[in-house]
Every structure is written in C-alpha cells, then in structure tokens.
Amino acid sequence: MANNYYDAADLRKFGKITEWSEELGNKFFEYYGKVFEEGALSAREKSLIALAVAHVVKCPYCIDAYTKDGLQKGITKEEMMEAVHAGAAIESGATLVHGVQMMNKYDKLSM
C-alpha cells in the first residue's frame, strides 16, 4: 500500500478540530452548517458550487466529500464535470488576467 500525504480517513476526523480550540471550532461548524442550509440557493446547488471550489483550492478531502454529497443529492457526473470546468475556467482566467500586471510593469520598466 502506497503512503500518501493525504489520508482519506482524516476526513472522518474533521470534527476533532474542536478539541484544540473548542470555541472557534464550534463557531466554524455552526457557520458551515448555516451556509449549507436551504436558502436562496438549494442545498443541491451549494453542493455543486462546493465541488467546483474544492477543485480550485485543490482540497482532496473536499473533493471526496462533495462528490459523495453530490451523488446523494442526485447531481450527475456530467453536472459535476461541468462545474469542475467552470471552476477551472475562472482559475485560469484569474491567472491570465494577472498577465496585465506583468505587461504594465514590463512597459514601465522598458521606457
């Protein structure tokens, strides 16, 4: 069995973060739970957004959790992949738009 930096079993231990900082941990979980309640967006829509963001921030735990959550909420594999592509497009665009900063700096230094 290969050793990996990320251990999938650690996701089940997430709740233990309150052991070292009970007040802040509890506040986080209260906020987190509130965010994912039904609201202007459905829980299904929020799960899909979370899956896309999980890929952008490259969190394997979140990818696992929101793939499972999405399946439980009836999100199809096509919807999941489209959401991942939407996240990737935004991430790529954010990287490329910073090229304008480089272009401006280059022009300023080349004068």
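Parameters and conventions
Residues numbered from 1 in each chain as written. Predicted model: local features only at pLDDT ≥ 70, side-chain atom pairs only at ≥ 80, totals over all residues. Heavy atoms only, no water. Phe/Tyr/Trp six-rings, centres within 6.5 Å; stacked < 30°, edge-to-face > 60°. Helix = DSSP H or I, 4+ residues; strand = E, 2+ residues; numbered from the N terminus. Buried < 20%, exposed > 50% of the residue type's maximum accessible area, 1.4 Å probe, protein only. Contact = heavy atoms within 4.5 Å. Axes fitted to C-alpha atoms, helices over the stretch in contact; angles between N-to-C directions. Parallel < 35°, antiparallel > 145°, perpendicular 65-115°, else oblique. Left-handed = near helix turned anticlockwise from the far one by under 90°. Nonpolar A, V, L, I, M, F, W, Y, C, P; charged D, E, K, R; others polar.

Visitor: Tell me about the packing of aromatic side chains, and please be specific about residues and values.
Guide: Counted under the stated rule, the structure contains eight aromatic pairs. Residues Phe14 and Phe29 carry aromatic rings whose centres are separated by 5.1 Å and whose planes lie at 70° to one another, so their mutual orientation is edge-to-face. Taken together, the residues span a long stretch of sequence, with Phe14 in the segment before α1 (22-35) and Phe29 in helix α1 at a distance of 15 residues. The exposure class assigned to Phe14 is partly exposed, which follows from its relative accessible area of 34%. Members of the aromatic cluster, joined through ring pairs, are Phe14, Phe28, Phe29, Tyr32, Phe36 and Tyr66.

Visitor: Describe the environment of Glu91, with residues and values.
Guide: Here Glu91 shows up in helix α4 (residues 77-97). Along the sequence, Glu91 and Glu22 sit 69 residues apart, while their C-alpha atoms lie 34 Å from each other. Setting aside chain neighbours within four positions, we find Glu91 in contact with Val56 and Lys58.

Visitor: Could you give an account of the side chain of Thr18, naming the residues involved and the relevant values?
Guide: Locating Thr18 in the fold gives a position in the segment before α1. Other than its neighbours up to four places away in sequence, Thr18 contacts Gly25, Asn26 and Phe29.

Visitor: Which residues make up the packing of helix α2 (residues 43-56) against α4, and what values go with them?
Guide: Interhelical geometry of α2 versus α4 gives an angle of 50° and a closest axis separation of 8 Å. In terms of their interaxial angle, α2 and α4 are classed as oblique. In this structure, the crossing between α2 and α4 has a hand that is right-handed. Within the contact between the two elements, α2 uses Arg44, Leu48, Leu51, Ala52, His55 and Val56 and α4 uses Glu79, Met80, Ala83, Val84, Gly87, Ala88 and Glu91. Of the residues assigned to the contact of α2 with α4, the class counts are eight nonpolar, two polar and three charged.

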